[in-house]
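# Observations on the three-dimensional arrangement
Residues per chain are reported as follows:
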Amino acid sequence: VGDVFNIGSGTETNLLQLLATLAQILGAKAEPNFAPARSGDIVRSYADITHAQRVLGYQPVVGLEEGLRQTVAWYRHHPIKSLP
């Protein structure tokens, strides 16, 4: 009770890799729009899953690309209805 766990792939992925992978899955062209860094921007982010592995026995079974493919497939079958 009250424990906190990071759940992720355990592999660092940068935004450009994420964008390229998602664009490839969607069959779309994606051009990043670079802007100057803002105060407080996170330069690198990585989910350290060590605690979840140790306490919960957590092991990722789906990689980033397959996880994105599954997510896109789900949203294609369950489109989000526009808000009123």
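Residues numbered from 1 in each chain as written. Predicted model: local features only at pLDDT ≥ 70, side-chain atom pairs only at ≥ 80, totals over all residues. Heavy atoms only, no water.

There is a patch of nonpolar side chains on the surface, built from I7, V55 and L56 and spanning about 280 Å² of accessible area. As for its position among the elements, L56 is in helix 2 (residues 50-56). (Patch = residues over 30% accessible without salt bridge, like charges linked within 9 Å, V, L, I, M, F, W, Y side chains within 5 Å. Areas by Shrake-Rupley, 256 points an atom, 1.4 Å probe, with all protein chains shown as cover. Salt bridge = Lys/Arg side-chain N within 4 Å of Asp/Glu carboxyl O. Helix = DSSP H or I, 4+ residues; strand = E, 2+ residues; numbered from the N terminus.)

Turning to the pattern of salt bridges, a few remarks are in order. With the rule as written, the count across this model stands at three salt bridges. A salt bridge links R44 to E12, with the shortest nitrogen-to-oxygen separation between them at 2.5 Å. Residue R44 is found in the loop between helix 1 (15-26) and helix 2, and its partner E12 is found in the segment before helix 1; the two are separated by 32 residues along the sequence. Judged by relative accessible area, which is 61%, R44 ranks as exposed. Overall, the relative accessible area of 33% leaves E12 in the partly exposed class. Ionic pairing is found between R38 and D41, a salt bridge with its closest N-O pair at 3.3 Å. (Buried < 20%, exposed > 50% of the residue type's maximum accessible area, 1.4 Å probe, protein only.)

At their nearest, the axes of helix 1 and helix 3 (residues 64-77) sit 10 Å apart, and the two run at 50° to each other. It follows that helix 1 is oblique to helix 3 by the angle criterion. Note that helix 1 runs across helix 3; the crossing there is right-handed. Counting all contacts with helix 1, which are made through L18, T21, L22, Q24, I25 and L26, the residues of helix 3 involved are L64, E65, L68, R69, V72 and R76. (Axes fitted to C-alpha atoms, helices over the stretch in contact; angles between N-to-C directions. Parallel < 35°, antiparallel > 145°, perpendicular 65-115°, else oblique. Left-handed = near helix turned anticlockwise from the far one by under 90°. Contact = heavy atoms within 4.5 Å.)

Within the structure shown, the criterion is met by one aromatic pair. Summarising the aromatic geometry, the rings of W74 and Y75 are spaced 5.0 Å apart at their centres and angled 85° between planes, so their arrangement reads as edge-to-face. Exposure remark for W74: the relative accessible area of 46% places this residue in the partly exposed category. (Phe/Tyr/Trp six-rings, centres within 6.5 Å; stacked < 30°, edge-to-face > 60°.)

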